[in-house]
Amino acid sequence: MDKILDIDNIDLKIISLLNEDAKTPYTEIAKKVFVSSGTVHVRMRKLEDLGIVKSATLNIDFSKLGYDISAFLGIYLEKSSLYDNVIERLKEIAEVINAYYTTGNYSIFAKIICKDTNHLRDVLNKIQKVEGIDRTETLIVLEESINRPIQLLEAKK
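Residues numbered from 1 in each chain as written. Predicted model: local features only at pLDDT ≥ 70, side-chain atom pairs only at ≥ 80, totals over all residues. Heavy atoms only, no water.

Q: A description of helix H1 (residues 9-20) should follow, citing residues and the corresponding values.
A: Because an α-helix completes one turn every 3.6 residues, residues spaced three or four positions apart along the sequence face the same direction. With 12 residues, H1 should reach 16 Å at 1.5 Å per residue; the first-to-last C-alpha distance of 17 Å fits that figure. Residues of H1 that are buried: Asn9, Asp11, Leu12, Ile14, Ile15 and Leu18. The secondary structure elements touched by the buried residues of H1 are helix H2 (26-33) and helix H3 (37-49). One side-chain oxygen of the residue at the start of H1 lies 3.1 Å from the amide nitrogen of Ile10, identifying that residue as Asp8. (Helix = DSSP H or I, 4+ residues; strand = E, 2+ residues; numbered from the N terminus. Expected span 1.5 Å × (residues − 1). Buried < 20%, exposed > 50% of the residue type's maximum accessible area, 1.4 Å probe, protein only. Contact = heavy atoms within 4.5 Å. Polar contact = N/O pair within 3.5 Å; in protein donor to acceptor, adjacent residues only side chain to side chain.)

Q: Residue-level account of the pattern of salt bridges, with values.
A: For the structure on display, the rule yields 9 salt bridges. Between Lys64 and Asp61 there is a salt bridge; the shortest N-O distance is 4.0 Å. For Lys64, a relative accessible area of 70% puts it in the exposed group. On the accessibility criterion, Asp61 (39% relative accessible area) is partly exposed. Within this structure, Asp8, Asp11, Arg43 and Lys46 form a network of salt bridges that share partners. (Salt bridge = Lys/Arg side-chain N within 4 Å of Asp/Glu carboxyl O.)

In structure tokens form, the structure reads like this:
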């Protein structure tokens, strides 16, 4: 927790700018934050060492690649002690792109991406055969209305 105290407003501004577009060159970030590009590089190395920055990712429009179905899957487990085993099996299913251990009705809430309804049916059959899963509920996404990075607050002085 003490490592969080090493983060200042410059770090937060760098993170925010790269969170909007991870491909932004450090020289451009430096100009916007009023520091040298070397400083940005050093700060990014620090943020990576602290485990705050884990990787840079692309924001992909999967529908343009032929994946027209996004769905959320509420997964009920037979027993909560089976969570680790079920997650390991879900990691083997490429269409499962996110999975969360949750409170509430579902033990696991997952997001899956499929090409069409036939593909979705096949993926659901695979998932429902995983040992430890009692049943699932599928919620098909009609529209993604919000997909944005969090707005980071300034560090306390």
